[in-house]
2 protein chains.
Amino acid sequence: MPAIGDVARLAGVSKATASRALSGRGHVAADTRRRVQLAASEIGYIASPDAASLVTGRTKNIGVVIPFVNRWFFGAVLDGIERTLLAAGYDLTLYNLPVSGPERSRVFEFFLARKRVDAVIVIGVDLTPGEIGGLERREKPVVCIGGSGEVTARLTIDDHGVGALATSHLLHLGHTRIAHLAGVGATSQPASVAGLRAAGFLETTDAAGLPLLADESSAGGPGAILVEADMGMPAGFAAGLQLLGHPAHRPTAVFAASDEMAFGVIRAAERLGLSMPRDLSVIGVDGHEHAELFDLTTIEQSPTEQGRLAVEVALRMLGGEGGGGGAPDPLPDSGAPMPTRLVVRGSTARPAVA
Amino acid sequence: MPAIGDVARLAGVSKATASRALSGRGHVAADTRRRVQLAASEIGYIASPDAASLVTGRTKNIGVVIPFVNRWFFGAVLDGIERTLLAAGYDLTLYNLPVSGPERSRVFEFFLARKRVDAVIVIGVDLTPGEIGGLERREKPVVCIGGSGEVTARLTIDDHGVGALATSHLLHLGHTRIAHLAGVGATSQPASVAGLRAAGFLETTDAAGLPLLADESSAGGPGAILVEADMGMPAGFAAGLQLLGHPAHRPTAVFAASDEMAFGVIRAAERLGLSMPRDLSVIGVDGHEHAELFDLTTIEQSPTEQGRLAVEVALRMLGGEGGGGGAPDPLPDSGAPMPTRLVVRGSTARPAVA
DNA sequence: TTGAAAGCGTTACCAG
DNA sequence: CTGGTAACGCTTTCAA
């Protein structure tokens, strides 16, 4: 493997000059630069990032912490991050965070604690104070997308507002018995994405005068039903069967906390022979790429764009200052929530009978 | 940030001893080791991997090249890789490879060419000879999962056999007008996954005496129809509408090259008012986690397991020898194909009328 | 504009 | 079993 010394010798200059010519830092005669670059490409020289990191303290590598790869939202965010990072010449080191357990702390206490990444982007994780403290102590910029925890830079949509909007949409259509399929932890973690969306739902139904029913088997009539489930399609399907199975208790509308859950509910409804949207209205959240295929009304967000932006923010925090300090507001729009948009499709309509 | 010198000083030993005590390499008195470890944890010392890489030549980092994150198969493989790597104390650097263009060559010629990764795992990519040559020249072990290209270590299922099996299943049920929804490149890249599955289909239908029909709008009657499309659900839906839209030309069975495509076909059939499996049988490939939900007959493979195995192979190639040389057969079972399994569900049955 | 030399933090060799 | 010392490959002062 050729080192910079080889390039220097071939070009007849010192290592210092070769370094300057190739990295672009510092002045070097145009002619010399060309000679060095020629020599470098001739022997196929590529700088060792490790050696460079050692002296500069920068790794040009960003750590990404993510709980699932195989959920559309997370995959899409990852995609946006990857593209942007690649274009900026950065590497992306992936940490697939187990929900909890020793593996989780190992990620924070060992992997992220080392000097291998310049900054960390955390997607959809509810960070504990201890985890945040650990990262801050190491002066690593942290950018969060969704999730919760007292961190300086967080990109997020207005999840409470999303919950309220989805619910209002159904209420305005005339539904009076509405279920919310919330994410796991909606009640135990009020600050989480699941918790905020659920809160928006509950406040809105409450304001409309709908009583909160104990569970899905409560007697018929107006009311709000809250069920927690995993945010994926299989769990949405299972919860959907449960929720819609009993004709007398069935709600006329379901607000699912994610589009994938909503897909599951739709299939459950079909399985039960319900016709949509006559017998049931369903609304989701995300703007999943399959939403159109399922004719699903949803509240869109742009995960890819959020990923792109997270990288921009991280890079800005890195560039502006050494690390954790008082960089003035790295977030766009002073940290205002990211945009969302209600997209109405065929899965929501007025209930069949009043 | 504490360095190993600080630890050594605090423990009253030399840097060399401190290094040995912490890394576990070389002998050191049990008592000394404890003292060093205590000192290290006291000041929160964590070794800099960059400095270590510089001298050992090993980065404890594996590069993963993948064309999509948001396809179930790829996400599942990635998941298996991540878990295994994490357990082994390795980092995973992700390269989301654009299908082609300058970005693609940049990944190979710049990112992977540097000394930042010890080995590369490539998932579902048709590697060009140039790309393979570049990696071999840098003596980087390469492990492929699926895809094509003349590489030493490849984990793969018997895609040709899968194509044949899926087709036989339909033939044995009595279907005589069968369409194959192949992946893009099935005809132009015969060695690709899409190409092999399509070949299995064509040979099997041919052996059964079914003529290959020009396209989906060919006149009715017995025959084999081949259509290429993207392996995702939206493309499967679109192709499904096209294929099934004309009642007179409609095949009675579809073999989709992936489960996601199959899901799309199923929804297309539903949209067209077809009843399954009475009017149409559908079989897919993958063993997608939603297959049961769609009641889809499929040929299962285990991407997560393949990911785990790929890491094992890569690590073995790394451990056994310096790098590219003559390590004897790092693949399990002498490179035999990974297992697959036909899982019959409700989406396939005898055709309604003979 | 260029060169010489001093590190960056670690491991590995060679004595003791 | 332990300590000194020389690397690893690069960037970056500091002089020239």
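To start, this report covers the structure provided alongside it. (Residues numbered from 1 in each chain as written. Chains lettered and ligands numbered in written order. Predicted model: local features only at pLDDT ≥ 70, side-chain atom pairs only at ≥ 80, totals over all residues. Heavy atoms only, no water.)

Superposition of chain B onto chain A requires a rotation of 180° combined with a translation of 0.0 Å along the rotation axis, giving an RMSD of 0.1 Å. Within this description, the copies of the chain are treated as partners about a two-fold rotation axis. (Least-squares fit on C-alpha atoms with pLDDT ≥ 70 in both.)

We now examine the protein's contact with DNA strand C. In the neighbourhood of DNA strand C, 26 residues make up the surrounding shell, with Ala29 and Thr32 of chain A together with Ile4, Ser19 and Tyr45 of chain B lying closest. Among atoms of DNA strand C positioned within 4 Å of the protein, sugar and phosphate together represent 61%. Ala29 of chain A places a main-chain nitrogen or oxygen 2.8 Å from a phosphate oxygen of DNA strand C. Of the residues forming the surface near DNA strand C, the biggest block, five residues, is contributed by helix α4 (residues 49-56) of chain B. (Near = heavy atom within 4 Å. Polar contact = N/O pair within 3.5 Å; in protein donor to acceptor, adjacent residues only side chain to side chain. Helix = DSSP H or I, 4+ residues; strand = E, 2+ residues; numbered from the N terminus.)

Next up on the list: the protein's contact with DNA strand D. Around DNA strand D, the surrounding shell holds 26 residues, and the nearest of these are Ile4 and Tyr45 of chain A together with Thr17, Ala29 and Thr32 of chain B. Backbone atoms, meaning sugar and phosphate, make up 62% of the atoms of DNA strand D lying within 4 Å of the protein. At 3.0 Å, a side-chain N or O of Lys15 of chain A approaches a base nitrogen of DNA strand D. The separation between a phosphate oxygen of DNA strand D and a polar main-chain atom of Ala29 of chain B is 2.6 Å. Secondary structure elements with two or more residues in the surface near DNA strand D: α2 (15-23) and α4 (49-56) of chain A together with α2 (15-23) and α4 of chain B.

Moving on, we come to the nonpolar core. Membership of the largest hydrophobic core comes to 88 residues, with the highest contact counts inside it found for Ile123 of chain A together with Ile121 and Ile123 of chain B. What Ile121 of chain B contacts, discounting residues up to four positions off in sequence, is Ile62, Gly63, Val64, Val65, Ile81, Val143, Ile145, Ala310 and Val311 of chain B. Of all hydrophobic cores here, the second largest spans 58 residues; its members include Met233 and Ala269 of chain A together with Ala269 and Ala291 of chain B. (Core = buried A, V, L, I, M, F, W, Y, C linked by side-chain atoms within 4.5 Å. Buried < 20%, exposed > 50% of the residue type's maximum accessible area, 1.4 Å probe, protein only. Contact = heavy atoms within 4.5 Å.)

All names here are of chain B. Between helix α1 (residues 4-11) and α2, whose axes approach to 8 Å, the crossing angle comes to 100°. The orientation of α1 relative to α2 falls into the category roughly perpendicular. The residues of α2 that touch α1, namely those facing Ile4, Gly5, Val7 and Ala8, are Lys15, Ala18, Ser19 and Leu22. For the contact of α1 with α2, the residue count by class is five nonpolar, two polar and one charged. (Axes fitted to C-alpha atoms, helices over the stretch in contact; angles between N-to-C directions. Parallel < 35°, antiparallel > 145°, perpendicular 65-115°, else oblique. Nonpolar A, V, L, I, M, F, W, Y, C, P; charged D, E, K, R; others polar.)

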